[in-house]
Every structure is written in structure tokens, then in C-alpha cells.
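# Observations on the model geometry
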Amino acid sequence: MNKSSFKTVILALLLGAFSVSCQEKQGAAVSQAPASGTPAVAVEGLTIATVNIDSINMGYQLVADIQRELERTETRLTADVQNQAGAFQKEYENYLKIGATLTLSEQHRREEELTKKQQSIGELQQTYANQLASLQVQRMEEVTSRILDFVKRYNEQNRNFSMIIYTGKSSNILYSLPSMDITSAILDGLNKEYAAEKAKK
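Residues numbered from 1 in each chain as written. Predicted model: local features only at pLDDT ≥ 70, side-chain atom pairs only at ≥ 80, totals over all residues. Heavy atoms only, no water.

## Remarks on the overall build of the chain
Applicable threshold: A run of H or I in DSSP counts as a helix once it spans at least four residues, and a run of E counts as a strand once it spans at least two, with each numbered from the N terminus. Burial here depends on accessible area, computed with a 1.4 Å probe over protein chains only, as a share of the maximum for the residue type. Under 20% is buried, over 50% is exposed, and the range in between is partly exposed. The contact criterion used throughout is that any non-hydrogen atoms of two residues lie within 4.5 Å.
A tally of regular secondary structure across the chain gives five helices and five strands. The order of helices and strands in the chain, counted from the N terminus, is α-β-β-β-β-α-α-α-β-α. Relative to its full complement of 201 residues, the chain shows a buried share of 29%. Partitioning the contacts of the chain with sequence separation of at least 6, the portion at a separation of at least 24 is 82%.

## Quick notes on the confidence of the model for the chain
Inclusion rule: For every residue, the predictor reports its confidence as pLDDT, a number between 0 and 100.
Of the residues in the chain, 78% reach a pLDDT of 70 or more, and the chain-wide mean stands at 83. Predicted confidence for residues 19-42 stays below pLDDT 50, and this span has 34 contacts to residues more than four positions away or in other chains.

## A word on the packing of helix 4 (residues 104-159) against helix 5 (residues 183-200)
For the record, the criterion: Convention adopted: a line fitted to C-alpha atoms gives each axis, helices being fitted over their contacting stretch, and angles between N-to-C directions are expressed from 0 to 180 degrees. Roughly parallel means an angle under 35 degrees; roughly antiparallel means over 145; roughly perpendicular covers 65 to 115; every other angle is labelled oblique. Handedness of each helix crossing follows the sense of rotation of the near helix against the far helix: counterclockwise by less than a right angle gives left-handed, clockwise gives right-handed.
It is at 10 Å that the axes of helix 4 and helix 5 come closest, and there the two elements cross at 115 degrees. On the basis of the axis angle, helix 4 is roughly perpendicular to helix 5. As helix 4 packs across helix 5, the resulting crossing turns out to be right-handed. In this structure, helix 4 contributes Arg146, Ile147, Phe150, Val151, Arg153 and Tyr154 to the contact, and helix 5 contributes Ala185, Ile186, Gly189, Leu190, Glu193, Tyr194 and Glu197.

## As for the side chain of Thr50
If you trace the backbone, Thr50 turns up in strand 4 (residues 48-52). Other than its neighbours up to four places away in sequence, Thr50 contacts Ile165, Thr167, Ser176, Met180, Asp181, Ile182 and Thr183.

## Concerning helix 5
Our working rule: Expected helix span is computed as 1.5 Å times (number of residues minus one). This arc is taken over the directions from the axis of the helix to the C-beta atoms.
The end-to-end C-alpha separation of helix 5 is 26 Å, in line with the 26 Å expected for 18 residues at 1.5 Å each. The complete set of buried residues in helix 5 reads Thr183, Ile186, Leu187, Gly189, Leu190 and Tyr194. Buried residues along helix 5 cover an arc of 165 degrees about the axis, so they all sit on one side. Counted as exposed and oriented over 90 degrees from the buried face of helix 5: Ser184, Lys192, Ala199 and Lys200. For helix 5, the elements touching its buried residues are strand 4, helix 2 (53-59), helix 3 (61-98) and helix 4.

## A word on the pattern of salt bridges
Heads up, the condition is: For this document, the term salt bridge refers to a Lys or Arg side-chain nitrogen within 4 Å of an Asp or Glu carboxyl oxygen.
Per the stated rule, a full pass over the model turns up twelve salt bridges. Residues Glu142 and Arg146 are paired through a salt bridge, measuring 3.2 Å at the closest nitrogen-oxygen approach. Taken as a pair, Glu142 and Arg146 lie in helix 4 at a separation of four residues, close to a single helical turn. Here Arg146 and Glu197 are joined by a salt bridge, their closest N and O atoms 2.9 Å apart.

Rendered as C-alpha cells:
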């Protein structure tokens, strides 16, 4: 499992959930621009902040730790499959050497055993792949939940923006003012909380 595919999973989970609409200020009014003018919507009293999700993915220590966890798990599972495949290969080669000395019934029995073992290894490989994929989704859902929860708390405790939206390579935001960006504050807060949790363990 490489980092790019891991980051893709994170992004896929966040895309549909990261735009956080918060409490709008009282008295906010929306007025549509005249049809003859430039198509636009003016929103009175609306405050918006942006968070670059690519920067969060790259800088959040929890993401890095999960990446290492998944890589270790993948290495362990792959080694198990390879060990069993190696043992099967030796058993098969041994059969080729002595097969001619066996009776037909013994040959059929050994061949059936080898076929079942080969199928078993293939099934084990698929089982491990499913386990790894499930673990990946589970851990990334945890990351998504943590980010969304922190963003909500940050907004309630600090600025009370009307809306916080994500930016990044996969975002549909074409441009936003740099002054709207609160990525550094969010990333710093996420890492501080995570570091405090690790210190308690």
C-alpha cells in the first residue's frame, strides 16, 4: 500500500463531509443580483474560512502513524502468504521428484491435496486483502471524524464562522483569499491534541 493510495482514501472520505456549515449570524440576508448584471449572490453577514485538506493530510501526525501501521500490517500479511506459498512450492517440487514412484491412486490423492493447498493460499491472500482494505477504511473514518469534530469545536471556541470549506487539488474552489485560510491553526490544533493523547498512553 503506497502513500498516494492511502491519501486518496482519506480524501474520498472527506470530500462529502468536510464542508462544515455553522450557525449563521442573526439578521443575515441574501439578495440576488439583478438579472441584467453580473451573475452573483451577495450574502450579508456571511463569514467563510477555508482549510487546505492536502496540507492536513500531509501534516497530521495521526495520518502518518496510521500509514506506518497499515504498512506494517501489509508487510506481515504479505510475509505470511509468501511463506505458505514457499512451503507449497517445495512440496510441489518434491512431488514432481517422487511422483513417478507412487501408485496412480497415491498420485491422484497427492495432486488433490496440492490443488486444495494452492486454492487455500489464494483464498488466504484475498482474505488478507479484504482485511487490510477494511482496516484502512476504518482508520480513515477515524481520521475524518477527528478532523470534522476538531473543526467544529475550533469554530465554536474561536471565530464562529458561518461556513468552513475545504480547498485543495480535488476541491471545486477555484480561488479564495489567503486571509480566509485557517489551515495552520487547524493542523496545529489537531497535532497538539493527538500528541497529548499519545503522551497519556
